Amino acid sequence: MTETNPATERQRFAKAYWDERAARDAHYSIWGDPSVLDPDQLDEDAFARSGELSVRQLLPFIHPKSAVLEIGCGIGRILRPLAGECARVIGVDISPEMIAKARDYMAGVDNAELIVGDGASLPGVPNQSVDLVYSLLVLIHVDKRSAYRYLREIERVLRPGGLALLQFQNMLSPKGLELFQGVVDSDYPFEFYTPEELRWLLKSVGLEVFSENLNAEFVEVSAVRGSADDWIAGWRRDLSVDGVHRTGLFDPKGGRLDRDGLLAAELTNRGDTWRTVQLTGSLQRRHRGALHELCWAHGVLALPPGAEARIEIRYDGKTGELAIRGPKEIQQMPSRRSNPFPKQGALEAHFAVIPAGFNWSEATAELFPAFNGVLPVVERN
Ligand SMILES: C[S@@+](CC[C@H](N)C(=O)[O-])C[C@H]1O[C@@H](n2cnc3c(N)ncnc32)[C@H](O)[C@@H]1O
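Residues numbered from 1 in each chain as written. Predicted model: local features only at pLDDT ≥ 70, side-chain atom pairs only at ≥ 80, totals over all residues. Heavy atoms only, no water.

**Student:** When you look at the side chain of S146 in this model, what are you seeing that I'm missing?
**Tutor:** Within the secondary structure, S146 sits in helix α5 (residues 144–157). Using a relative accessible area of 2% as the deciding quantity, one classes S146 as buried. A polar side-chain atom of S146 sits 2.6 Å from a polar atom in the side chain of D143. Sequence-distant contacts of S146, defined by excluding residues within four places in its chain, comprise Q11, G119 and A120. (Helix = DSSP H or I, 4+ residues; strand = E, 2+ residues; numbered from the N terminus. Buried < 20%, exposed > 50% of the residue type's maximum accessible area, 1.4 Å probe, protein only. Polar contact = N/O pair within 3.5 Å; in protein donor to acceptor, adjacent residues only side chain to side chain. Contact = heavy atoms within 4.5 Å.)

So this is what it looks like as structure tokens:
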């Protein structure tokens with residue numbers, strides 16, 4: 001069960017700090033964008049849209065029956081739009097003031113539970129009751145010891161095979177070092193980690209990192225409760241993808257870039273748990289050993305146990321855009337086409353069906369052979 005240790009000085013500091021921020025400028029302290037800097041001239045729509053964008057990042061990790069918990073939910077910027085995508089959301093925050101504001105912001109959302117926590121534990125959340133724990137823009141501020149206690153709590157509340165998506169401040173980048181140097185003379189709550197350190201700490205509590213995204217500022221880790229190898233093997237065992245149809249540009253005999261094309265596949269979840277897939281399609285030119293992207297499309301599809309779905313990648317010869325189509329529950333991400341198209345090089349269609357947390361790469365394709373892979377595309381003039 002939840003540990004009930006007396007609060008440390010660090011926890012007391014964090015609670016006072018965030019309560020004061022919540023009372024003074026809740027929106028800006030949550031999302032440091034100029035559009036919400038002035039509490040008297042808040043751009044509520046921009047704030048709401050930023051939450052919807054974060055939900056896109058979370059979609060591959062959830063399905064309609066998921067129970068999802070956010071550590072450091074603030075006023076519910078992400079939780080409010082997320083509540084419509086899953087069965088239950090739970091928000092925990094150290095600041096009673098933030099949670100009071102979250103109750104307002106989330107009024108009318110009836111599948112949400114909001115909890116004032118002590119800054120290091122998940123009180124009242126039963127063991128093995130949650131499918132996904134995520135924390136964005138929070139653990140960067142939490143003192144390392146409290147954060148470690150959260151990791152133990154995450155292991156406790158996740159179901160076996162449950163996932164965690166956690167964002168930390170990256171120490172191993174010039175920007176990270178600069179940010180660190182910028183706070184060494186102050187009490188500003190900021191903590192820094194290396195990716196190795198995170199893998200090590202997570203493993204020590206029974207969470208295994210299976211994928212990480214690094215940028216100049218952040219390390220975002222995707223971790224599973226239990227063994228990452230077992231989770232990946234289960235995913236590969238459960239999902240199959242069979243190509244069923246290719247026409248136009250994707251026809252094996254070839255087509256033209258100014259005509260339409262269709263690539264269709266049958267996706268099956270043979271397992272007894274929900275599996276959410278990230279779908280990626282792209283057209284690329286291989287020129288002098290490098291790949292140049294012409295256009296791509298992303299989608300997310302949650303498949304119930306035993307379900308089958310037909311998905312299609314359509315290329316529009318007029319606009320040069322790709323779109324992923326499937327059951328109506330498919331969540332289409334905005335696609336893009338690069339402009340101008342590279343003119344030289346062999347054309348390839350890339351098509352990937354991969355789990356949460358992975359970005360498409362040739363290494364990922366090796367890891368998930370339940371995947372249609374790379375199709376050479378014959379261009380006819
Ligand atoms: C920058 S805001 C981000 C809020 C939310 N995650 C979002 O992205 O909209 C940080 C939030 O973390 C909360 N917080 C800070 N330290 C915490 C801790 N130790 N435990 C739980 N919440 C904490 C703050 O009260 C605040 O609401």
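**Student:** Please clarify how the domain arrangement of the protein should be interpreted in this entry.
**Tutor:** One frequently used descriptor of interface size is the decrease in accessible area upon assembly of the parts. Partitioning the protein into domains gives domain 1 (9–226) and domain 2 (238–377). Computed from C-alpha coordinates alone, the two centres of domain 1 and domain 2 are separated by 32 Å. Both faces combined, the contact of domain 1 with domain 2 buries some 1,100 Å², and carbon together with sulfur accounts for 66% of it. Inspection of the domain 1/domain 2 interface yields zero salt bridges. Looking at the side of domain 1 that touches domain 2, the element that brings in the most residues is strand β6 (residues 207–214), giving three residues. Taken together, the residues of the side of domain 1 that touches domain 2 break down into seven nonpolar, four polar and three charged. (Domains from an automatic or database assignment. Buried area = accessible area lost by both parts, 1.4 Å probe. Salt bridge = Lys/Arg side-chain N within 4 Å of Asp/Glu carboxyl O. Nonpolar A, V, L, I, M, F, W, Y, C, P; charged D, E, K, R; others polar.)

**Student:** What is the right way to look at the pairing of strand β12 (residues 308–316) in this model?
**Tutor:** Where strand β9 (residues 261–269) and β12 come together, eight bridges link them in antiparallel fashion. What sits directly across from A265, in β12, is I311. Relative to strand β13 (residues 321–325), β12 is paired through five bridges, and the arrangement is antiparallel. Its bridge partner lying in β13, E312 is registered against R325. (Pairing = 2+ DSSP bridges.)

**Student:** I tried to follow the sheet that holds strand β1 (residues 67–71) on my own but got confused; where do I start?
**Tutor:** The strands that make up a sheet are held in pairs by hydrogen bonds between backbone atoms, and each pair lies either parallel or antiparallel. Reading across from one edge, β3-β2-β1-β4-β5-β7-β6 is the order of the seven strands in this open sheet, with mixed pairing throughout. Among the strands making up the open sheet, the edge pair consists of β3 (112–116) and β6. For this sheet, the mean angle separating the axes of adjacent strands, direction not counted, is 15°. Looking at chain direction, strand β4 (residues 130–135) and strand β5 (residues 158–169) are connected through five bridges and run parallel. Bridge pairing in β5 places L132 opposite L163. (Axes fitted to C-alpha atoms, helices over the stretch in contact; angles between N-to-C directions.)

**Student:** How do you make sense of the site of the ligand when you look at a structure like this?
**Tutor:** Residues in close proximity to the ligand total 19 residues, the closest being E70, G72, R77, D93 and Y150. Within the side chain of E70, one N or O atom sits 2.8 Å away from a nitrogen atom of the ligand. Between I94 and the ligand, the recorded distance is 3.3 Å, taken from a backbone N or O atom to a nitrogen atom. Computed on the free molecule, the ligand has an accessible area of 600 Å², of which 98% lies beneath the protein chains in the complex. Ranked by the residues each element gives to the shell around the ligand, the list is headed by helix α1 (residues 9–30), at three residues. (Near = heavy atom within 4 Å. Areas by Shrake-Rupley, 256 points an atom, 1.4 Å probe, with all protein chains shown as cover.)

**Student:** Just checking my understanding: could you explain the nonpolar core for this structure?
**Tutor:** Most often, soluble globular proteins have nonpolar side chains that are buried together. L82, Y134, L267, L279, L283 and L301 are the most contacted members of the largest nonpolar core, which has 80 residues in total. Split by domain, this core shows at least three residues from each of two domains, domain 1 (9–226) and domain 2 (238–377). With sequence-adjacent residues up to four places away left out, Y134 is seen in contact with L58, V68, L69, E70, I71, I78, L79, L82, L165 and L166. One finds L139, V142, V205 and V209 within the second-largest nonpolar core, a separate group that totals 31 residues. (Core = buried A, V, L, I, M, F, W, Y, C linked by side-chain atoms within 4.5 Å.)

**Student:** Please explain a nonpolar patch on the surface as it appears in this structure.
**Tutor:** A contiguous nonpolar patch, built from L177, F180 and V184 and spanning about 240 Å² of accessible area, is present on the exposed surface. On the secondary structure map, L177 appears in helix α6 (residues 174–183). Exposure remark for L177: the relative accessible area of 39% places this residue in the partly exposed category. (Patch = residues over 30% accessible without salt bridge, like charges linked within 9 Å, V, L, I, M, F, W, Y side chains within 5 Å.)

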